[in-house]
Amino acid sequence: YTRRAYHAGSWYSSDPHTLDNLLTKFLSDAENNNDDDDDDAADSTVVVGIGGIANACISPHAGFRYSGPTAAYSYLALKEALLTNSVLRTVVVLHPSHHVYLDGCAVSGASIIET
């Protein structure tokens, strides 16, 4: 089944074109800012694994206007890891439940997640 995007239109735009433009801007701004940093500063702000490639990514998930610019740095590290390490094939996304108390965790049966 397809998991519905419950917060589309509230915490982020429900218009695919507007959403794509906003996310592209966040990623572009982060990439441009990262290119401007000197090597020491960039190394101190990114958690990396063996060979300088990210093994994990922790990203804020509040509304995009609050967390989007910061989250973009995490996703740039993830993108680099996926592009440079052909062994990586699986990305696991963990997130809190905002609506139901869970004593442990839940696993979705969705094969598609709407955005």
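Residues numbered from 1 in each chain as written. Predicted model: local features only at pLDDT ≥ 70, side-chain atom pairs only at ≥ 80, totals over all residues. Heavy atoms only, no water.

Engineer: I'd like to hear about the packing of aromatic side chains, residue by residue, with values.
Structural biologist: With the rule as written, the count across this model stands at 2 aromatic pairs. Ring centres of Tyr12 and Phe64 lie 5.4 Å apart, and the angle between their planes is 35°; this geometry places the pair in the tilted category. Note that Tyr12 is positioned in the loop between β1 (2-3) and α1 (16-36) and Phe64 in helix α3 (residues 64-84), a separation of 52 residues in sequence. (Phe/Tyr/Trp six-rings, centres within 6.5 Å; stacked < 30°, edge-to-face > 60°. Helix = DSSP H or I, 4+ residues; strand = E, 2+ residues; numbered from the N terminus.)

Engineer: Now, about the side chain of Ser74: what can you tell me, with residues and values included?
Structural biologist: Along the chain, Ser74 turns up in helix α3. Within the local environment of Ser74, its side chain forms a polar contact with the backbone oxygen of Ile58, the two atoms lying 3.0 Å apart. Contact partners of Ser74, with chain neighbours within four places excluded, come to Cys57, Ile58 and Ser59. (Polar contact = N/O pair within 3.5 Å; in protein donor to acceptor, adjacent residues only side chain to side chain. Contact = heavy atoms within 4.5 Å.)

Engineer: Tell me about the pattern of salt bridges, and name the residues and values.
Structural biologist: Inspection of every chain in the model, using the stated rule, returns 1 salt bridge. Across the pair Asp29 and Lys25 runs a salt bridge whose closest N-O atoms are separated by 2.5 Å. Highlighted residues: Asp29 and Lys25, both in helix α1, separated by 4 residues, approximately one helical turn. For Asp29, a relative accessible area of 38% puts it in the partly exposed group. (Salt bridge = Lys/Arg side-chain N within 4 Å of Asp/Glu carboxyl O. Buried < 20%, exposed > 50% of the residue type's maximum accessible area, 1.4 Å probe, protein only.)

Engineer: Give a detailed account of the confidence of the model for the protein chain, specifying residues and quantitative values.
Structural biologist: Put simply, the protein chain has an average pLDDT of 81, and 84% of its residues get 70 or more. Within the protein chain, no element has a lower average pLDDT than helix α2 (residues 39-45), which sits at 46, and none a higher one than β1, at 92. Under a pLDDT of 50 for its full length, residues 40-50 has, in the predicted model, 9 contacts with residues more than four places off or in other chains. (pLDDT = per-residue confidence, 0-100.)

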